[in-house]
Amino acid sequence: MSLPLAHLTATGLGPWGDGMARLFLEPSDLLLVLSLGLLAAQSGRPGLDRLPLLLPVAWLAGGLIGLCLPSELLLALPSAALVGAIGLLVALGVRLRPLVLLSLATALALVFSLVAGSALAGHPGAPAALLGEAVAIAVLITLLLLPLEPPHPRWLAIGLRVGGSWITASSLLMLGWLVRHPQ
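My aim in this report is to walk through the structure given alongside it, one point at a time. Quick caveat, the model's predicted, so the values are computed rather than measured. (Residues numbered from 1 in each chain as written. Predicted model: local features only at pLDDT ≥ 70, side-chain atom pairs only at ≥ 80, totals over all residues. Heavy atoms only, no water.)

**Some points on the overall build of the protein chain**
For the record, the criterion: Secondary structure counts use DSSP, requiring at least four H or I residues in a row for a helix and at least two E residues in a row for a strand, with both numbered from the N terminus. Radius of gyration means the value over C-alpha atoms here, while the globule rule gives 2.2 Å times the residue count to the 0.38 power. For every residue, the accessible area (1.4 Å probe, protein chains only) is compared with the maximum for its type, and the residue is labelled buried under 20%, exposed over 50%, or partly exposed between those bounds. Residue contacts are counted whenever heavy atoms from the two residues lie within 4.5 Å of one another. Computed by Shrake-Rupley with a 1.4 Å probe, the accessible areas treat only the displayed protein chains as cover when residues are assessed. We treat Lys and Arg as the positive residues and Asp and Glu as the negative residues; His and chain ends play no part in the count. Lysine's charge is taken at NZ, arginine's at CZ, aspartate's at CG and glutamate's at CD.
Within the protein chain, the secondary structure is distributed over seven helices and zero strands. Listed N to C, the secondary structure of the protein chain is α-α-α-α-α-α-α in terms of helices and strands. The C-alpha radius of gyration of the protein chain comes to 16 Å, within 12% of the 16 Å expected for a compact globule of 183 residues. Taking the principal axes of its C-alpha atoms as reference, the protein chain extends roughly 55 × 35 × 30 Å. Taking all 183 residues of the protein chain together, 43% fall into the buried category. Considering only intrachain contacts with a sequence separation of at least 6, the fraction spanning at least 24 residues in the protein chain is 85%. When the accessible surface of the protein chain is split by element, carbon and sulfur atoms take 73% of a total near 9300 Å². In the protein chain, 8 positive and 7 negative side-chain charges are present, and the distance between their average locations comes to 17 Å.

Here you go:
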C-alpha cells in the first residue's frame, strides 16, 4: 500500500507519469526551468548546448539526495524569490558567461530538486517519479531551446525579455501568496 502524498498527484500513469506531471503542477519548478531556458537563450550558444543535459542530470541527483533527508525541506519562500531573481535577469537582458550560467543552473536545480526529493521521501514510487520529472525537464528544456538559437532577431530578443518579466511577476504573486498564507 502506498502512502498518499499531496506532492505527487495521481495521474493513472504510475509513479513515472506522476513525476512527469509534477513538473507542470509545481509552479516554482516549472518557472525555474523556463527562466533558466530563457536565460540560456539570451546568453548564447555554449549554454544552449549544455543546459538540456546538465539540468535534468542535476535535478535527478539532487532529488535522489533529497529522498535520503530525514524531513521535508520547506523552502517555498526562498524558491519563489530565486525564480523571481532569474526572471529579472532575463527581463533585464543579462547575458551570462557559459560557466556562470551552467554553475547557476546546476546549483538551482540541486536546491529545487532537494526540496522535491524531500517532499517525496517515504513514497515507494519516489525514485521513478523523480526520473519522470527529470525526463520531463529534459524534454521541456530541449523543446524550449530549439527555436531560440542565436542570433536573435530584435522581436525575439524583446519577446525573451517580456517572458522574463512575466516570470518575475508570477514569482512576485507567489511571494505575496506565501507571505499571506505561510506553509
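Here the narrative resumes.
**Looking at the packing of helix 2 (residues 27-43) against helix 3 (residues 45-67)**
Condition: For helices, the fitted line uses only the C-alpha atoms of the stretch in contact; every axis is such a line through C-alpha atoms, and the angle between N-to-C directions lies from 0 to 180 degrees. Throughout, the term roughly parallel applies to angles under 35 degrees, roughly antiparallel to angles over 145, roughly perpendicular to angles from 65 to 115, and oblique to all others. Whether a crossing is left-handed or right-handed is set by the direction in which the near helix is turned from the far one by less than a right angle, anticlockwise for left-handed and clockwise for right-handed. Gly counts as polar in this scheme, as do all residues outside two lists: the nonpolar Ala, Val, Leu, Ile, Met, Phe, Trp, Tyr, Cys and Pro, and the charged Asp, Glu, Lys and Arg.
One can describe the packing of helix 2 onto helix 3 by two numbers: an axis separation of 9 Å at closest approach and a directional angle of 155°. With respect to their mutual orientation, helix 2 and helix 3 come out roughly antiparallel. When you trace helix 2 past helix 3, the crossing you get is right-handed. Seen from helix 2, the contacting residues are Asp 29, Leu 32, Val 33, Leu 36, Gly 37, Ala 40 and Ala 41; seen from helix 3, they are Gly 47, Leu 48, Leu 51, Leu 55 and Trp 59. When the residues that make up the contact of helix 2 with helix 3 are grouped by side-chain class, the tally is nine nonpolar, two polar and one charged.

**A short note on the nonpolar core**
Rule in force here: Each nonpolar core is a collection of buried residues, namely Ala, Val, Leu, Ile, Met, Phe, Trp, Tyr and Cys, held together in the definition by side-chain atoms within 4.5 Å.
Leu 23, Leu 32, Val 33, Leu 36, Leu 51 and Leu 55 are the most contacted members of the largest nonpolar core, which has 36 residues in total. At the level of elements, helix 2, helix 3, helix 4 (76-91), helix 5 (98-120), helix 6 (126-145) and helix 7 (154-180) are the ones that each hand at least two residues to this core. It is helix 2 that contributes the most residues to this core, nine residues altogether. The next biggest cluster of nonpolar side chains, apart from the first, holds five residues, and it includes Leu 67, Ala 126, Ala 129 and Leu 130.

**Some thoughts on the pattern of salt bridges**
Let me state the cut-off plainly: Think of a salt bridge as a Lys or Arg side-chain nitrogen and an Asp or Glu carboxyl oxygen that are within 4 Å of each other.
Counting across every chain of the model gives four salt bridges. The salt bridge partner of Arg 22 is Asp 29, with a shortest N-O separation of 3.0 Å. In terms of burial, Arg 22 and Asp 29 fall into one category: buried. With a shortest N-O distance of 3.1 Å, Arg 22 and Glu 133 are connected by a salt bridge. Of the two residues, Arg 22 is situated in helix 1 (residues 14-25) and Glu 133 in helix 6; the sequence distance between them amounts to 111 residues. No difference in accessibility class separates Arg 22 from Glu 133, as the two residues are buried. It is possible to trace a salt-bridge network through shared partners that takes in Arg 22, Asp 29 and Glu 133.

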